[in-house]
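The chain contents come next:
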Amino acid sequence: MKTALITGVAGQDGSYLAEFLLEQGYTVHGLARRIEGGAIWRLAPLLAESDETERRFFLHEGDILDAGFLRRLIDETQPDELYNLAGQSHVGLSFVQPARTMAVIATGTAMVLEALHAHCRASGRQVRFYQAGSSEMFGASPPPQNEDTPFHPRSPYGVAKLAAHNATAVYRDAYGLFACNGILFNHESPRRGENFVTRKVTLAAARIAAGMQDRLALGDLSVRRDWGHAADYVRAMWLMLQQEEPEDFVIATGQSHAIGELLEIAFGQAGLDWRRHVVADPACRRPLEVDHLCGDAGKAARLLGWRPTIGFEALIAEMMEADLARLGLQPVQAAQPAPRLMTA
Ligand code: NDP
Ligand code: GDR
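Worth saying up front: this structure is predicted, and the values here are computed from it rather than measured.

Here's the deal with the overall build of the protein
Then, in step 1: When its secondary structure is counted, the protein shows twelve helices and 13 strands.
Then, in step 2: Taken over C-alpha atoms, the radius of gyration comes to 21 Å for the protein, in line with the 20 Å a tight globule of 344 residues would show.
Then, in step 3: Counting only C-alpha atoms and orienting by the principal axes, one finds that the protein spans roughly 80 × 50 × 45 Å.
Then, in step 4: The 344 residues of the protein split such that 53% are buried.
Then, in step 5: In the protein, the proportion of contacts linking residues at least 24 apart, taken out of those at least 6 apart, comes to 79%.

So, the sheet that holds strand 11 (residues 249–251)
Then, in step 1: Here we have seven strands laid out as an open sheet, ordered 3-2-1-4-5-6-11, and parallel in their pairing. The open sheet terminates on both sides in strands that have one partner only, identified here as strand 3 (57–61) and strand 11. Averaged over all pairs of adjacent strands, the angle between their axes in this sheet comes to 20 degrees, without regard to strand direction.
Then, in step 2: Here three bridges tie strand 6 (residues 179–184) to strand 11, and the two strands are oriented parallel to one another. Looking at strand 11, one finds that Ile 183 is bridged to Val 250.
Then, in step 3: Those strands touched by helix 7 (residues 156–175) are strand 5 (128–134) and strand 6, and its axis lies near 155 degrees from that of strand 6.

Quick word on helix 10 (residues 259–269)
Then, in step 1: Regarding helix 10, the residues found buried are Ile 259, Leu 262, Leu 263, Ile 265, Ala 266, Phe 267 and Gln 269.
Then, in step 2: Looking at the buried side of helix 10, the elements it contacts are helix 8 (197–209), strand 8 (216–218), strand 12 (257–258), strand 13 (278–280) and helix 12 (312–326).
Then, in step 3: Downstream of helix 10 by one or two residues, Gly 271 has phi in the positive range, about 70 degrees.

So, the nonpolar core
Then, in step 1: The biggest cluster of nonpolar side chains holds 39 residues, and the ones touching the most others in it are Ile 6, Leu 21, Tyr 83, Tyr 130, Ile 251 and Trp 306.
Then, in step 2: Secondary structure elements with two or more residues in this core: strand 1 (3–7), helix 1 (12–23), strand 2 (27–32), strand 5, strand 6, helix 9 (230–241), strand 11 and helix 11 (298–304).
Then, in step 3: Residue contributions to this core peak at nine residues, all from helix 9.
Then, in step 4: Excluding residues that lie within four positions of it along the chain, Leu 21 makes contacts with Ala 4, Ile 6, Tyr 26, Val 28, Tyr 83 and Trp 238.
Then, in step 5: Judged by nonpolar contacts, the second largest core, of 27 residues, contains Leu 73, Val 127, Leu 177 and Ala 179.

A few points about the site of ligand 2
Then, in step 1: Ligand 2 sits among 23 residues. The nearest are Ser 89, Ser 134, Tyr 157, Arg 286 and Glu 289.
Then, in step 2: A distance of 2.9 Å separates a nitrogen atom of ligand 2 from a polar atom in the backbone of Gly 219.
Then, in step 3: Burial of ligand 2 by the surrounding chains reaches 95%, relative to a free accessible area of 700 Å².
Then, in step 4: Breaking the shell around ligand 2 down by element, the ones donating at least two residues are helix 8 and strand 8.
Then, in step 5: Taken together, the residues of the shell around ligand 2 sort by class into ten nonpolar, seven polar and six charged.

Regarding the packing of aromatic side chains
Then, in step 1: Inspection of the entire model under this criterion finds seven aromatic pairs.
Then, in step 2: Aromatic side chains Tyr 233 and Trp 306 sit 5.5 Å apart centroid to centroid with 85 degrees between the ring planes, which places their arrangement in the edge-to-face category. With Tyr 233 in helix 9 and Trp 306 in the loop between helix 11 and helix 12, the pair connects residues that are 73 residues apart, well separated along the chain. With respect to class, Tyr 233 is no different from Trp 306; both count as buried.
Then, in step 3: Taken together, the aromatic side chains of Phe 138, Phe 151 and Phe 185 make up a single cluster linked through ring pairs.
Then, in step 4: Arg 192 extends its terminal NZ or CZ atom over the ring of Phe 196, reaching a point 3.9 Å from the ring centre.

Examining the pairing of strand 5
Regular strands place side chains that alternate from one sheet face to the opposite one.
Then, in step 1: Within strand 5, six of the seven residues are buried, which leaves it mostly tucked inside the rest of the structure.
Then, in step 2: In this structure, strand 4 (residues 81–84) lies alongside strand 5, joined through four bridges in parallel fashion. Opposite Glu 81, over in strand 5, you have Arg 128 as the bridge partner.
Then, in step 3: Of the pairings in the sheet, the one linking strand 5 to strand 6 comprises six bridges and is parallel in character. Bridged to Phe 129 within strand 6 is Ala 179.
Then, in step 4: Crossover strand 5 to strand 6 through helix 7 is right-handed.

Examining the pattern of salt bridges
Then, in step 1: This model, assessed by the stated rule, comprises 17 salt bridges.
Then, in step 2: Between Asp 214 and Arg 215 there is a salt bridge, with its nearest N and O atoms 3.3 Å apart.
Then, in step 3: Where Arg 275 meets Asp 273, a salt bridge forms, and the shortest distance between an N and an O atom there is 3.6 Å.
Then, in step 4: The exposed category is assigned to Arg 275, whose relative accessible area is 53%.
Then, in step 5: The partly exposed category is assigned to Asp 273, whose relative accessible area is 35%.

Procedures and definitions
- Here the residue numbering is sequential within each chain, running from 1 through the sequence in written order.
- Chains carry letters and ligands carry numbers; both start at the beginning, A for chains and 1 for ligands, and go up in the order they are written.
- Only residues with pLDDT of 70 or above have their local features reported here, since the model is predicted, and side-chain atom pairs are shown and tallied only from 80 upward, although totals for entire chains, interfaces and linings are computed over all residues.
- To obtain the side-chain values, all non-hydrogen atoms of the structure were included, while hydrogens and water were left out.
- The way it works is that DSSP assigns letters per residue, a run of H or I at least four long becomes a helix, a run of E at least two long becomes a strand, and they are numbered from the N terminus.
- Atoms counted for the radius of gyration: C-alpha only. Globule rule: 2.2 Å times residue count to the power 0.38.
- Exposure categories follow from relative accessible area, calculated using a 1.4 Å probe and restricted to protein chains: below 20% of the type maximum is buried, above 50% is exposed, and the middle band is partly exposed.
- Should any heavy atoms of two residues lie within 4.5 Å, those residues are considered in contact.
- One requirement defines pairing of two strands: DSSP has to find at least two bridges between them.
- Geometry is summarised by axes, namely lines fitted to C-alpha atoms with helices restricted to the contacting stretch, and by angles between N-to-C directions that run from 0 to 180 degrees.
- Throughout, nonpolar core names a set of buried Ala, Val, Leu, Ile, Met, Phe, Trp, Tyr and Cys residues whose side chains join them through atoms within 4.5 Å.
- Near, as used in this document, describes a residue that has one of its heavy atoms within 4 Å of the molecule or strand being considered.
- Think of a polar contact as two N or O atoms within 3.5 Å of one another; within protein, one of them needs to be a possible hydrogen donor and the other a possible acceptor, and neighboring residues in sequence only count if both atoms come from side chains.
- Accessible surface is estimated by sampling points in the Shrake-Rupley manner with a 1.4 Å probe; for residues, cover comes only from the protein chains shown.
- Throughout this entry, Asp, Glu, Lys and Arg are counted as charged residues, while Ala, Val, Leu, Ile, Met, Phe, Trp, Tyr, Cys and Pro are counted as nonpolar. The remaining residues, Gly among them, count as polar.
- Think of it this way: a Phe, Tyr or Trp ring, Trp meaning its six-membered ring, pairs with another when their centres are within 6.5 Å, and the plane angle makes it stacked under 30 degrees, edge-to-face over 60, tilted otherwise.
- Each ring is checked for a lysine NZ or an arginine CZ that lies within 6 Å of its centre and within 35 degrees of its normal; such an atom marks a charge sitting over the ring.
- Throughout, right-handed denotes a crossover for which the path from the first strand over the helix to the second runs clockwise when the strands point away from the viewer.
- Definition used for salt bridges: Asp or Glu carboxyl oxygen within 4 Å of a side-chain nitrogen of Lys or Arg.

Next up, the structure:
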């Protein structure tokens, strides 16, 4: 049976990927920056599971910016596949902390690649590598975006992800490393961090329904995003590493939505009218915005057989239900459309 190493295992994607790989029979080693203080809440179900599962899931505390630690971790865990998901993943925050963002994403990825290359060279082993790239690399390039679309990043985050993407391709070409860049569009879930717009909206709608707050401050409402479900997207990461040749893939639903649609569904599930609660706050805006991302995942459909299974409405409904349930509430049933009156 195979062994996988996941950096960033305590994040949204890391938790879904660990579950998915364990279901496939893998032994999974996860690198988390912090283990104490509630930092691994997304892994609680995994850690609470049966003895057999526990023995195939191992957590390691450390930082991808620590080269010696990384090398030892790879040498000791002997992975067949390494998924590099660790990083500062908030685009807005990357304008406030550009150097830290660049360090962990660009330099951090270079350090993971170099530790992996050194391990492979010394041991003669082959390890397949997945790099968590982002649609933010497309930035200003108009939709639909696919593998041939020029990159034009519009944030320190996008610039750093592009450097990591290029570094991965260099290690593939220079050393024959089996390395794949996933170019993933936005994907969400009930485990999404609370500072991303989908979760910020579902959490606020639930809290407003519970009488715990009244206002939701948001930034630019004019943008459009291609939102999928994280559970579908981690399956695509794995599929990329099961191919005969390493290649890069766009992963997306092919449908974009406005933030107004997100608000309509989420607040509707809570029995609320979002227009009575949402306020514009310039502090939530970014110095530079990516207006419209909508991916074309045709290559992934053709070569990987990958297609998303969870649509936008079902995704937001699931997130809404989870946030309401945390407060002891249930979603309002969608109103049945009124029967049309026949007129002569
Ligand atoms: P999260 O922010 O939920 O997870 C990222 C994880 O990386 C966190 O647990 C974080 O820990 C950890 N991390 C940060 N810095 C370091 C470090 N120096 N060493 C070790 N671990 C570190 O992101 P997602 O799960 O949503 O995304 C996973 C990856 O995919 C990220 O790289 C993201 O940029 C990328 N991506 C995500 C997309 C999405 O829509 N979700 C789309 C495209 C790409 P801590 O909490 O302690 O900071
Ligand atoms: P994004 O996700 O920047 O696309 O990056 P986010 O949910 O943060 O923003 C989506 C869009 O909504 C606009 N927006 C707001 N965003 C936040 N967070 N908070 C607000 O109050 C708000 N108001 C409007 C944003 O400006 C933006 O246009 C996500 C991350 O997961 C990245 O790591 C990943 O690479 C990309 O998706 C693909």
